[in-house]
Amino acid sequence: MGELSNPIDILLNRVRGHQRAPSDSKEFHEVTKRDAQRVLEDDIEKLLETCDEAQKAPLRSEMMRFSNLFGRFLAEDGPSVDWNRIEKLPEDAVQDYSSLQAPDDNHIRDELNKLVVIKLNGGLGTSMGCHGPKSVIPVRSDLTFLDLTVQQIEHLNRVYNCSVPLVLMNSFNTDEDTEKVIRKYKGFQVKIYTFNQSCFPRVSRESLLPVAKNFNVKDDMEAWYPPGHGDFYESFANSGLLRKFIDEGRVYCFLSNIDNLGATVDLNILNRLIGGGGEKPIEFVMEVTDKTRADVKGGTLIQYENKLRLLEIAQVPKEHVDDFKSVKTFKFFNTNNIWAKLDAIERVLKENTLNMEIIVNNKTLDNGLRVIQLETAVGAAMKCFEGIGINVPRSRFLPVKKTSDLMLVMSNLYSLRHGSLVMSPQRMFPTTPLVKLGENHFAKVKEFLGRFANIPDIIELDHLTVSGDVTFGRGVSLRGTVIIIANHGDRIDIPAGAILENKIVSGNMRILDH
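Within each chain, residue numbers correspond to sequence positions counted from 1 in written order. Totals for whole chains, interfaces and linings use every residue, but because this is a predicted model, local features are given only for residues with pLDDT of at least 70 and side-chain atom pairs only at 80 or more, for both listing and counting. Side-chain measures here rest on the full set of heavy atoms in the structure, leaving out hydrogens and waters.

### Quick look at the sheet that holds strand S26 (residues 499-506)
What holds strands together in a sheet is hydrogen bonding between their backbones, with the strands either parallel or antiparallel. One open sheet holds the four strands; their spatial order is S21-S22-S24-S26, and the pairing between them is parallel. Across the chains shown, the open sheet's two edge strands, defined by having one partner strand only, are strand S21 (434-437) and S26. The mean angle between the axes of side-by-side strands here comes to 10°, regardless of whether they run parallel or antiparallel. Any two strands with at least two DSSP-identified bridges between them are counted as paired. Secondary structure elements follow DSSP: runs of H or I of four or more residues count as helices, runs of E of two or more count as strands, with numbering from the N terminus. As defined by bridge partners, strand S22 (residues 461-467) adjoins strand S24 (residues 477-485) across six bridges and the pair is classed as parallel. Within S24, the residue paired with His-463 across the bridge is Thr-481. Two residues qualify as a contact provided that any one of their heavy atoms is within 4.5 Å of a heavy atom in the partner residue. Throughout, an axis means a line fitted to C-alpha atoms (over the contacting stretch in the case of helices), and angles, computed between N-to-C directions, take values from 0 to 180 degrees. Where helix H12 (residues 403-410) meets the sheet, it contacts S21, S22 and S24, and its direction lies at approximately 130° from that of S21.

The following block contains the structure:
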């Protein structure tokens with residue numbers, strides 16, 4: 001018999017003959033789904049019996065949220081979007097950043113005192129060969145993502161005599177290390193708060209039951225996962241911080257990934273939210289930027305059922321994936337820089353109208369066990385609020401996901417100013433170069449750093465591809481399109497001071513003419 005790939009098919013196959021088998025197909029599906037939900041909840045109860053009495057109440061609440069997510073997953077039937085019902089974006093759906101008004105100087109302090117800055121800090125640096133939270137990887141002048149974030153906010157607080165707090169949403173993977181690291185910021189003019197997002201059990205693809213045997217997460221980290229940044233809303237509220245900030249008179253939060261070095265507090269966007277310049281205040285903003293061919297998989301904004309909403313590639317029917325990737329059809333993509341009104345978050349949670357599409361993430365554990373983890377994305381909540389998109393400059397989207405991104409932010413393309421990266425005025429155009437570094441020799445930070453005596457001059461670079469065993473001497477300059485390919489068993493050493501302009505280098509070349 002062929003392998004079943006869909007978890008729901010697996011479920012139906014597993015419970016066939018379990019209890020009764022109604023002849024009506026729809027009724028059969030409903031019964032088997034109810035079975036799966038009941039069996040999962042029984043398993044969760046057994047897990048709860050393994051935890052300390054003091055932990056039971058908060059953990060039961062967390063597991064109820066997981067059970068609800070699992071129930072929604074079972075209830076989903078096919079793509080969540082009917083492609084033919086996608087509407088054209090209204091004229092006022094996405095506002096251009098250039099049209100935003102700067103706040104009056106005498107209003108800036110008051111506006112900033114209404115703001116909370118939140119950074120998503122749940123990820124590890126393992127994909128780049130680093131241990132611990134990704135936020136503690138040095139990215140520029142020995143400063144980490146977290147160092148730069150603290151510098152940015154402290155600068156705001158000093159210049160405008162305000163008190164913008166920084167909040168870190170950690171996961172069980174990053175919480176302990178982050179708490180140790182943030183002690184060093186005690187002397188800084190920025191108050192730091194932390195809270196943990198949920199910790200949900202991974203579920204076997206075969207049985208659709210949790211793979212965890214007990215609630216000792218540290219004993220079996222692979223059995224648990226943080227359920228995506230869409231978990232922010234409920235975890236933030238459950239931490240007590242949402243209500244605390246509302247009581248303090250805070251009005252908005254600015255949320256972004258900690259590895260997006262372009263996601264700094266923007267006074268013009270904040271002013272637009274608050275209703276500066278006589279415009280109507282708004283409760284939700286998603287920063288989008290122009291899509292390029294490098295961004296075709298990024299989520300985009302659509303109008304659907306009279307609401308603005310985020311469309312991710314995972315929601316697109318297979319026959320329309322090429323349409324989704326079209327730069328002409330969908331001009332923008334989501335930067336995951338989100339601004340939201342705090343009391344609107346509280347309202348949506350109280351009314352139980354928070355509804356985000358589920359992302360099913362398939363994983364294979366080290367022991368070969370195939371699991372699924374159910375996640376949600378923070379931007380998917382947009383349809384639950386009255387909001388707009390703001391088309392921001394590309395400079396507000398500068399994520400560091402790979403060492404190729406790290407090369408850009410460490411280079412002379414940028415200078416550092418109060419924790420923010422500023423593109424060099426010598427760069428003739430605002431786009432960043434496209435850099436592709438070979439996975440085998442450059443993927444890990446330590447390997448990457450060992451291949452450069454220092455980062456080359458890339459002010460005039462358009463496109464760089466490096467593959468194989470390649471090293472760079474000090475003071476190398478790369479311009480235009482440069483492709484360097486060392487074949488298997490060969491090595492290429494680019495000597496100090498070399499200038500490569502619109503050049504292809506291949507084979508075994510230890511010495512290259514300047």
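### A word on the sheet that holds strand S14 (residues 307-311)
Pairing is antiparallel across the open sheet formed by three strands, whose spatial order is S1-S13-S14. In this open sheet, the two strands that pair with only one neighbour each are strand S1 (86-87) and S14. Across five bridges, the pairing between strand S13 (residues 300-304) and S14 is antiparallel. Of the residues in S14, the one forming a bridge with Gln-303 is Leu-308.

### Details of the pairing of S21
Remark: exposure states derive from per-residue accessible area (1.4 Å probe, protein chains only) relative to the maximum for the residue type, with buried under 20%, exposed over 50%, and partly exposed in between. Here S21 shows a clear split, with Val-435 and Leu-437 buried on one side and none of Leu-434 and Lys-436 buried on the other. For S21 and S22, the ladder comprises four bridges, and the chain directions are parallel. Residue pairing across strands places Val-435 opposite Leu-464, the latter belonging to S22.

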